[in-house]
Amino acid sequence: MNIADPTETFRQEARELLDQLEAGLLDLEQDPSNSSLINSTFRALHTIKGSGAMFGFTAVAEFVHEFETAFDRVRKGQSQANTALIGIALDAKDHIHRLIETPEAQIAGGSEILAALRIVVDGGTPTPTAKPAPAKTEKPASAAKTWRLVFFLPADALVYGTNPLLLLEELAQIGPCTVTALTDRVPVLETLDPEVPHIGWQVDIVADDPAAAIDDVFLFLRDNMELTLTELAAEEPVIEAAPELIAALPKLIEKPEAVERPAATSLRVPAERLDELMDRVGELVIAQARLSQIAALSSDTALKTIAEELERLSSGLRDTTMGIRMVPIGTLFSRFRRLVHDLSGELGKPIEFITTGEDTELDKTMIERLADPLVHLIRNAVDHGLESADRRAAAGKSAKGTVRLSAVYSGAEVAISVSDDGAGLDTARIRAKAEENGLITADTKLTEQELYQLIFAPGFSTAKEVTSLSGRGVGMDVVKRTIDGLRGTIELSTVPGQGTTATLRLPLTLAIIDGMLVRVGKGRYTIPLAAVEECVELPENAAAHARGRNFLDIRGSLVPYLRLREVFATPGPAELHQKVVIVSSGEGRIGLVVDQIIGNNQTVIKQLSKLHSGIKSFSGATILGDGTVALILDTAHLVASGQSYVDRTIEGKAA
Amino acid sequence: MTAATPITALTIRLEDELFAVEASKVREILDLVPVTEVPHASPFVSGLINVRGRVVPLADLRVMFGMAQPEPDQDTRIVVMEFDLDGEPMIAGILADKVHDVTDIEADSIEEAPKVGMRWRPEFVRGIGKRNGGFIIIPDLGRIFETQGGRSAPAAASEERSAS
């Protein structure tokens, strides 16, 4: 167990808070008067400030303090959260981010941002004097009254990193005060829990009306703590209040035990440890499969019972482990809102950004690796897909363009699409460019889909004219490569004048799946069970039509099929009683003719090495119960190639 | 020249020739295990094997050197090696008709592969060492695997053909 660097912990937390802050600000832009949004934004700021000070990030704390002060005016309804404010606030957020990442570097620009922020919140009247330690300015001590504040922190305050000294310092800023520690609740040593703040404080403050300021100090503790504020009569001696307190103590002493400490709801775990766990579970699953196989052959009922028990346990463990790694894709989506917001400003195109399917869960590694390709696609949609406002108006569309980002489960896959309602791809232009680049010749026949795929060719992206005319060029080869690496596919579809959609289809996970084991000749292959729709017997007379029509009639609908023996060039004549496994992917489905269906098993997906990465029929390999390797069929690819096979057959017939 | 670097090598026999692979890159030597054929893969790396829970490609150098490929017998071994391919580490098994011993090949006994008079593609041979009056061929495994890594694309084309 390595002890985490506290500074790094702070950074991590701060990054999350900044994300939260950004999301809050962007929401606020849409809904400027939503007070709960304003409050949560404010709270994020406050926490960053507090922990920043605690971990020695003074520059952060100072900057955030001023940011917070400005934003406080919004919270109090003295200023509006308009677009200008949000824009500057986002800059401020970025600035904080830089301060956190490189605290040593002298990062300029902070004071300009703060000045701009002040101008915006003050409604155009810059107040250079606003050295905002707000409490200090309201210090008409002469007319002030004396207030007595008694407080006990919540039992979990220290656990969550509250520093009582900082709180007292903040209180001291409200006005001259006397602090007395109330130690009466400190239990005897045997029962003392050092994590619970047993000490309370009595603070006598001289101030006009400190209630609001005090509330601010305890903003995040207020709900669970004891706090009383009473106004003291002018000359009341301090000590006299004590007896009441002491009288109240016996009752209170029992209290800390009764206080329910809220259980930790989440736990931060380094990703490598999860990967390691996944590997171990994978090995367990393989070992279990071997045991099950031996048990099945044995007549020992005790062994069979244990094998079954172990199978249940390991499948449960597998699901749990997988669950740990699954993250809703919404975490990724929120990042793009900022991107679109900024692009919209940069390019002067008003854009509505709509996201759906944030709850769709994907393997964490997958989500991380999807970030860059999606940035490219969204950038392209905004930059090249959407026309400028006046061109939109001229085309009779609303001036505001729409970019949609959606995620949805589709069989064993997740489909993520980025679509815009722009002008669409200029297919003629793409074709011309591809011919010019020598990718195709003038007489190459291409389907629409094949034509679009040209955009992903490496040479294509550098062609400047294409990017300015029809777009979709920059970095698309990189996008393609990343998605290929994830064993996913990209489809483009476009309607002239109405927009373009890029759809990424990705496997749900890179780790373990349920598979159906089949045999073709001597080879055994695994088909992802989630893609399997049903299994049927291959009709006896199908062999007669082997070269004619390879279709099945599945309850009235036409399903083409591929003979895997042919696809894999398996030697030897086909066996009798072949089976057809109907698999689906996206919109298409196809039958795969196999010699035998062996059964279902849990499959740990092992990536194929680089030496075999060019072979598209397989998405990976797995180790079977007997220790041999079986290949996992890439159903999406087979469905696609099956479809093109059908197309060719039809074309062939027409010719 | 790389040809002049002394190496500690594991000598293996392929057909009737002695080959030397860098001993420091060898992870283990296995008896023959069941091999899973990969349809459409190039004959050089047509199989996959299970090495302690890892799926590892099995390479047959005899394909690259145009040698006969007799059926495995009791001497057949798999040499599991670790090396860099395009800057990324990878593990692969190499089929050997027989594994001999680990030996030092002195720098001055290594000669550059002659451009003529050899039935192998010279770029696949890093050098030729001499021992006990015989030759030991030092293959350039990195070069061989790189060539093959990029070669699996035509295999995909044959897949298309077989589908039609």
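Just so we're clear, the structure is a prediction, and the values are computed from it rather than from any experiment.

Cut-offs applied
Within any chain, residue numbers begin from 1 and follow the written order of that chain's sequence. The order in which chains are written sets their letters, starting at A; the order in which ligands are written sets their numbers, starting at 1. Totals for whole chains, interfaces and linings use every residue, but because this is a predicted model, local features are given only for residues with pLDDT of at least 70 and side-chain atom pairs only at 80 or more, for both listing and counting. Hydrogen atoms and water are omitted, and side-chain values are computed over all heavy atoms in the structure. Helix numbers and strand numbers start at the N terminus; a helix is a DSSP run of H or I with at least 4 residues, a strand a run of E with at least 2. For the exposure calls, accessible area comes from a 1.4 Å probe over protein chains only, and a residue counts as buried if that area is under 20% of its type's maximum, exposed if over 50%, partly exposed in between. Contacts between residues were defined by any pair of non-hydrogen atoms, one from each residue, lying within 4.5 Å. The method behind every accessible area is Shrake-Rupley, applied with a 1.4 Å probe, and residues are considered shielded solely by the protein chains displayed. In this description, buried area is defined as the sum, over both parts, of the accessible area (probe of 1.4 Å) that is lost when the two are combined. Should a side-chain nitrogen of Lys or Arg be within 4 Å of a carboxyl oxygen of Asp or Glu, the pair is scored as a salt bridge. DSSP-based pairing: two strands are paired if at least 2 bridges between them are found. To obtain each axis, a line is fitted to C-alpha atoms, and for helices this fit is confined to the stretch in contact; angles are then taken between N-to-C directions over 0 to 180 degrees. Two rings belonging to Phe, Tyr or Trp (six-membered ring only in the last case) form a pair when the distance between their centres is within 6.5 Å. Interplanar angles under 30 degrees mark stacking, angles over 60 mark edge-to-face geometry, and anything in between is tilted. We call a charge positioned over a ring when the NZ of a Lys or the CZ of an Arg lies within 6 Å of the ring centre and within 35 degrees of the ring normal. In protein, a polar contact requires one atom able to donate a hydrogen and another able to accept it; more generally it is a pair of N or O atoms within 3.5 Å, and residues adjacent in sequence count only if both atoms are side-chain atoms. Here a cavity denotes grid points, spaced 1 Å and computed from the protein atoms alone, that fit a 1.4 Å probe unable to get out, and a pocket denotes an open set having protein on both sides within 12 Å along at least 5 of 7 lines; residues with an atom within 4 Å of a point are the lining. Grid points are joined across faces, edges and corners, and a volume is the space filled by probe spheres set on the points. Three classes are used: nonpolar for Ala, Val, Leu, Ile, Met, Phe, Trp, Tyr, Cys and Pro, charged for Asp, Glu, Lys and Arg, and polar for all others, with Gly counted as polar. Confidence per residue, as judged by the predictor, is encoded in pLDDT with a range of 0 to 100. Only buried residues count toward a nonpolar core. Its members are Ala, Val, Leu, Ile, Met, Phe, Trp, Tyr and Cys residues joined through side-chain atoms within 4.5 Å.

Focus on the overall build of chain B
When helices and strands are tallied, chain B shows three helices and twelve strands. Every one of the 164 residues in chain B was classed for burial, and the buried ones make up 48%. By sequence separation, contacts in chain B at least 24 residues apart represent 57% of the contacts at least 6 residues apart. Total accessible area on chain B stands at roughly 7900 Å², and carbon and sulfur atoms take up 50% of it.

Considering the interface of chain A and chain B
In this assembly, 26 residues from chain A lie in contact with 29 residues from chain B. Where chain A abuts chain B, roughly 2400 Å² becomes buried across the two surfaces, and 62% of that area is made up of carbon and sulfur atoms. By the criterion of area lost to chain B, the three top residues of chain A are Lys610, Leu611 and Val629 of chain A, representing 29% of everything that side buries. The interface formed by chain A and chain B holds zero salt bridges in total. Looking at the side of chain A that touches chain B, the elements that each hand over two or more residues are helix H20 (564–567), strand E20 (618–623), strand E21 (629–633) and helix H21 (635–654) of chain A.

Quick word on the sheet that holds strand E13 (residues 523–528) of chain A
Residues and elements named next belong to chain A. Strand order in the open sheet formed by five strands is E19-E12-E13-E21-E20, with mixed pairing between adjacent strands. The open sheet terminates on both sides in strands that have one partner only, identified here as strand E19 (596–604) and E20. Between one strand axis and the next, the sheet turns through 35° on average, direction left out of account. Where strand E12 (residues 512–520) and E19 come together, eight bridges link them in antiparallel fashion.

So, the environment of Ile86 of chain A
All names here are of chain A. Among the secondary structure elements, Ile86 is positioned in helix H4 (residues 83–101). A C-alpha to C-alpha distance of 9.8 Å links Ile86 and Val120, two positions 34 residues apart in sequence. In contact with Ile86, not counting residues within four places along its chain, are Leu25, Leu28, Glu29 and Ala81.

Describing the packing of aromatic side chains
Residues and elements named next belong to chain A. For the structure on display, the rule yields ten aromatic pairs over all chains. Pairing Phe10 with Phe57 gives two aromatic rings, centres 4.6 Å apart and planes at 45°, and the pair type is tilted. Within this pair, whereas Phe10 is found in helix H1 (residues 6–30), its partner Phe57 is found in the loop between helix H2 (35–54) and helix H3 (58–75), the two being separated by 47 residues in sequence. We note that Phe10, like Phe57, is buried. A ring pair is formed by Phe568 and Phe618, whose centres lie 5.4 Å apart and whose planes are at 35°; its orientation type is tilted. Placement of the pair is Phe568 in the loop between H20 and strand E17 (579–585) and Phe618 in strand E20, with a sequence separation of 50 residues. On the basis of relative accessibility, which here comes to 0%, the residue Phe618 falls in the buried class. Taken together through their ring pairs, the aromatic side chains of Phe151, Trp201 and Phe218 make up a single cluster. We note Arg75 situated over the ring of Phe42; from NZ or CZ to the ring centre the distance is 4.1 Å. Across the ring face of Phe152, the terminal group of Arg185 is positioned such that the distance to the ring centre comes to 3.2 Å.

Here we look at the side chain of Thr628 of chain A
Take Thr628 of chain A: it is sitting in the loop between E20 and E21. Residue Thr628 of chain A is classed as buried on the basis of its relative accessible area, which comes to 11%. In this structure the side chain of Thr628 of chain A is engaged in a polar contact, spanning 3.0 Å, whose partner is the side chain of Arg524 of chain A. In this structure, Thr628 of chain A is in contact with Arg524, Thr622 and Ile623 of chain A together with Pro34 of chain B, ignoring residues within four places of it in sequence.

Thoughts on the side chain of Lys93 of chain A
Relative to the assigned elements, Lys93 of chain A resides in helix H4. Not counting residues up to four positions away in its chain, the partners in contact with Lys93 of chain A are Leu18, Leu21, Glu22, Phe67 and Arg338 of chain A.

Some words on empty space enclosed by the protein
Residue and element names in this part refer to chain A. Per the stated rule, a full pass over the model turns up five cavities of 30 Å³ or more. Put simply, the largest cavity is a space of about 50 Å³. Lining the largest cavity are Val285, Ile286, Ala289, Asn601, Gln602, Thr603, Val604, Thr622, Ile623, Leu624 and Gly625. Sort the elements by how many residues they give to the lining of the largest cavity and E19 lands first, with four residues. Taken together, the residues of the lining of the largest cavity sort by class into six nonpolar, five polar and no charged.

A word on the confidence of the model for chain B
In regions of low pLDDT, the predicted coordinates are not meant to be interpreted in detail. All names here are of chain B. Taken residue by residue, chain B gives an average pLDDT of 81. The fraction at 70 or more is 85%. Within chain B, strand E3 (residues 26–31) carries the highest mean pLDDT (93), whereas helix H3 (residues 152–163) carries the lowest (38). Interface confidence for the predicted complex, expressed as ipTM, amounts to 0.83; the pTM equals 0.54.

Considerations on the pairing of strand E9 (residues 413–420) of chain A
Residues and elements named next belong to chain A. Within E9, eight of the eight residues are buried, leaving the element largely enclosed by the surrounding structure. A two-sided burial pattern is seen for E9, the buried positions comprising Glu413, Ala415, Ser417 and Ser419 on one face and Val414, Ile416, Val418 and Asp420 on the other. Relative to E9, strand E8 (residues 401–410) is paired through eight bridges, and the arrangement is antiparallel. The residue bridging Val403 from the neighbouring strand is Asp420, located in E9. Examined bridge by bridge, E9 and strand E11 (residues 499–507) share eight bridges and lie antiparallel to one another. Within E11, the residue paired with Val414 across the bridge is Leu506.

A few points about the environment of Asp595 of chain A
Residues and elements named next belong to chain A. Summarising the element assignment, Asp595 is placed in the loop between strand E18 (588–594) and E19. Using a relative accessible area of 4% as the deciding quantity, one classes Asp595 as buried. In the structure, Asp595 is positioned 32 residues away from Arg563 in sequence and 9.6 Å away in space, judged by C-alpha atoms. Separated by 2.7 Å, the side chain of Asp595 and the backbone nitrogen of Gly521 make a polar contact.

Let's talk about the nonpolar core
Residue and element names in this part refer to chain A. Of all hydrophobic cores here, the largest spans 41 residues; its most connected members are Phe336, Leu370, Leu374, Ile378, Leu405, Ile416 and Leu504. Elements with a minimum of two residues in this core: helix H13 (330–347), strand E6 (351–356), helix H14 (364–385), E8, E9, helix H19 (476–485), strand E10 (489–495) and E11. When residues of this core are assigned to their parent elements, the largest contribution, nine residues, is made by H14. Once residues lying within four places of it in the same chain are set aside, the contact partners of Ile378 are Phe336, Leu339, Val340, Phe353, Leu405 and Val418. Of all hydrophobic cores here, the second largest spans 37 residues; its members include Leu18, Ala89, Leu90 and Leu99.

Some words on unusual backbone geometry
Of all residues except glycine, most have a negative phi; of all peptide bonds, most are trans. Its identity as a non-glycine residue notwithstanding, Arg555 of chain A has a phi of 45°, on the positive side. Structurally, the position occupied by Arg555 of chain A is in the loop between strand E15 (551–554) and strand E16 (557–563). The phi angle at Glu15 of chain B is positive, at roughly 50°, despite the residue not being glycine. Its location among the elements puts Glu15 of chain B in the loop between strand E1 (7–14) and strand E2 (17–22).

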